[in-house]
Amino acid sequence: QVQLVESGGGLVQAGGSLRLSCVASGTVFKINDMYWYRQAPGKQRELVAVIESDSSTDYVDSVKGRFTISRDNAKNTVYLQMSSLKPEDTAVYYCNGNIVDHTARAHEYWGQGTQVTVSS
(Lines give C-alpha, C1' and ligand atoms only; values in the text may rest on other atoms or scores of the structure.)
Protein backbone atom coordinates (compact mmCIF):
# COMPACT_ATOMS: atom_id res chain seq x y z
CA GLN A 1 0.00 0.00 0.00
CA VAL A 2 1.23 3.47 -0.94
CA GLN A 3 0.07 6.82 0.37
CA LEU A 4 0.64 10.19 -1.28
CA VAL A 5 0.48 13.27 0.92
CA GLU A 6 0.58 16.80 -0.49
CA SER A 7 1.58 19.84 1.48
CA GLY A 8 2.56 23.46 0.91
CA GLY A 9 -0.72 24.97 -0.21
CA GLY A 10 -2.02 28.21 1.20
CA LEU A 11 -3.15 31.75 0.53
CA VAL A 12 -0.80 34.05 -1.39
CA GLN A 13 -1.01 37.37 -3.19
CA ALA A 14 -0.85 37.58 -6.96
CA GLY A 15 2.77 37.50 -8.06
CA GLY A 16 3.82 35.41 -5.10
CA SER A 17 5.25 31.91 -4.90
CA LEU A 18 4.44 28.58 -3.32
CA ARG A 19 6.24 25.25 -3.27
CA LEU A 20 4.07 22.15 -3.14
CA SER A 21 5.43 18.80 -2.00
CA CYS A 22 4.09 15.29 -2.47
CA VAL A 23 5.64 12.48 -0.44
CA ALA A 24 5.04 8.81 -1.22
CA SER A 25 5.18 6.45 1.74
CA GLY A 26 4.50 2.79 2.35
CA THR A 27 5.93 -0.01 0.29
CA VAL A 28 7.38 2.00 -2.59
CA PHE A 29 9.57 -0.05 -4.86
CA LYS A 30 9.82 2.48 -7.67
CA ILE A 31 8.15 5.73 -8.62
CA ASN A 32 7.65 6.03 -12.36
CA ASP A 33 5.97 9.09 -13.86
CA MET A 34 4.43 11.66 -11.50
CA TYR A 35 1.80 14.31 -12.20
CA TRP A 36 0.33 17.43 -10.70
CA TYR A 37 -3.33 18.14 -11.43
CA ARG A 38 -5.53 20.97 -10.31
CA GLN A 39 -9.26 21.55 -10.12
CA ALA A 40 -10.72 25.02 -9.81
CA PRO A 41 -14.28 25.67 -8.63
CA GLY A 42 -16.75 24.82 -11.39
CA LYS A 43 -13.98 23.51 -13.65
CA GLN A 44 -12.82 20.09 -14.77
CA ARG A 45 -9.64 18.64 -13.34
CA GLU A 46 -6.65 19.79 -15.38
CA LEU A 47 -3.22 18.24 -15.81
CA VAL A 48 -0.65 20.97 -15.17
CA ALA A 49 2.73 19.22 -15.00
CA VAL A 50 4.35 15.84 -15.49
CA ILE A 51 7.76 14.44 -14.66
CA GLU A 52 8.80 11.11 -16.11
CA SER A 53 11.06 8.50 -14.52
CA ASP A 54 14.00 9.88 -16.52
CA SER A 55 13.19 13.36 -15.10
CA SER A 56 11.94 14.78 -18.38
CA THR A 57 9.16 17.31 -17.80
CA ASP A 58 6.24 18.96 -19.53
CA TYR A 59 3.63 21.56 -18.61
CA VAL A 60 0.31 22.90 -19.70
CA ASP A 61 0.84 26.10 -21.70
CA SER A 62 -0.77 28.33 -19.10
CA VAL A 63 1.94 27.58 -16.51
CA LYS A 64 5.04 27.28 -18.70
CA GLY A 65 7.78 29.56 -17.47
CA ARG A 66 6.10 29.96 -14.08
CA PHE A 67 5.88 26.44 -12.63
CA THR A 68 8.67 23.89 -12.22
CA ILE A 69 8.13 20.23 -11.40
CA SER A 70 11.01 18.25 -9.91
CA ARG A 71 11.62 15.05 -8.01
CA ASP A 72 13.95 13.70 -5.36
CA ASN A 73 13.99 9.94 -5.81
CA ALA A 74 15.92 9.34 -2.58
CA LYS A 75 13.11 11.04 -0.65
CA ASN A 76 10.24 9.61 -2.74
CA THR A 77 9.09 13.18 -3.22
CA VAL A 78 7.86 15.30 -6.11
CA TYR A 79 7.69 19.09 -5.95
CA LEU A 80 5.85 21.82 -7.78
CA GLN A 81 7.51 25.22 -7.49
CA MET A 82 4.98 27.87 -8.47
CA SER A 83 6.00 31.47 -9.09
CA SER A 84 4.31 34.56 -10.52
CA LEU A 85 1.04 33.18 -9.28
CA LYS A 86 -2.19 34.48 -10.76
CA PRO A 87 -5.73 34.38 -9.39
CA GLU A 88 -6.62 31.89 -12.11
CA ASP A 89 -4.14 29.46 -10.52
CA THR A 90 -6.53 29.12 -7.57
CA ALA A 91 -7.49 25.46 -7.29
CA VAL A 92 -7.09 22.29 -5.31
CA TYR A 93 -3.82 20.73 -6.44
CA TYR A 94 -3.52 16.95 -6.54
CA CYS A 95 -0.49 14.72 -6.81
CA ASN A 96 -0.81 11.57 -8.91
CA GLY A 97 1.80 8.88 -9.35
CA ASN A 98 2.40 5.69 -11.27
CA ILE A 99 4.14 3.66 -8.58
CA VAL A 100 5.42 0.11 -8.27
CA ASP A 101 4.06 -1.03 -4.90
CA HIS A 102 4.09 -4.16 -2.73
CA THR A 103 2.40 -6.15 -5.52
CA ALA A 104 5.52 -5.58 -7.66
CA ARG A 105 3.28 -3.98 -10.28
CA ALA A 106 2.66 -0.35 -11.08
CA HIS A 107 -0.57 1.25 -9.91
CA GLU A 108 -1.99 4.76 -9.93
CA TYR A 109 -2.20 6.63 -6.62
CA TRP A 110 -3.74 9.99 -5.74
CA GLY A 111 -3.06 12.37 -2.92
CA GLN A 112 -5.77 14.09 -0.92
CA GLY A 113 -5.20 17.50 -2.49
CA THR A 114 -3.95 20.80 -1.14
CA GLN A 115 -5.71 24.14 -1.58
CA VAL A 116 -3.94 27.00 -3.34
CA THR A 117 -5.66 30.38 -3.24
CA VAL A 118 -4.22 33.41 -5.03
CA SER A 119 -5.72 36.76 -4.14
CA SER A 120 -5.84 39.72 -6.51
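Further up the page is the structure itself.
Definitions and limits used
Residues numbered from 1 in each chain as written. Predicted model: local features only at pLDDT ≥ 70, side-chain atom pairs only at ≥ 80, totals over all residues. Heavy atoms only, no water. Core = buried A, V, L, I, M, F, W, Y, C linked by side-chain atoms within 4.5 Å. Buried < 20%, exposed > 50% of the residue type's maximum accessible area, 1.4 Å probe, protein only. Helix = DSSP H or I, 4+ residues; strand = E, 2+ residues; numbered from the N terminus. Contact = heavy atoms within 4.5 Å. Pairing = 2+ DSSP bridges. Axes fitted to C-alpha atoms, helices over the stretch in contact; angles between N-to-C directions.

1. Structural notes on the nonpolar core
Reasoning step 1: Judged by nonpolar contacts, the single largest core of 29 residues is most densely connected at Trp36, Leu80, Met82 and Tyr93.
Reasoning step 2: Of all the secondary structure elements, the ones that give two or more residues to this core are strand 1 (2–7), strand 3 (18–26), strand 4 (30–39), strand 5 (46–51), strand 7 (67–72), strand 8 (77–82), strand 9 (91–100) and strand 11 (114–119).
Reasoning step 3: Not counting chain neighbours up to four residues away, the residues in contact with tyrosine 93 comprise Glu6, Leu20, Trp36, Tyr37, Arg38, Phe67, Leu80, Met82, Gly113, Thr114 and Val116.

2. So, the sheet that holds strand 7
Reasoning step 1: Reading across from one edge, 1-3-8-7 is the order of the 4 strands in this open sheet, with antiparallel pairing throughout. For this open sheet the edge positions go to strand 1 and strand 7, each flanked by a neighbour on one side alone. Averaged over all adjacent pairs, the angle separating strand axes in this sheet is 15 degrees, with direction ignored.
Reasoning step 2: Pairing geometry for strand 1 and strand 3, over 6 bridges, is antiparallel. By the bridge assignment, leucine 4 is partnered in strand 3 with alanine 24.

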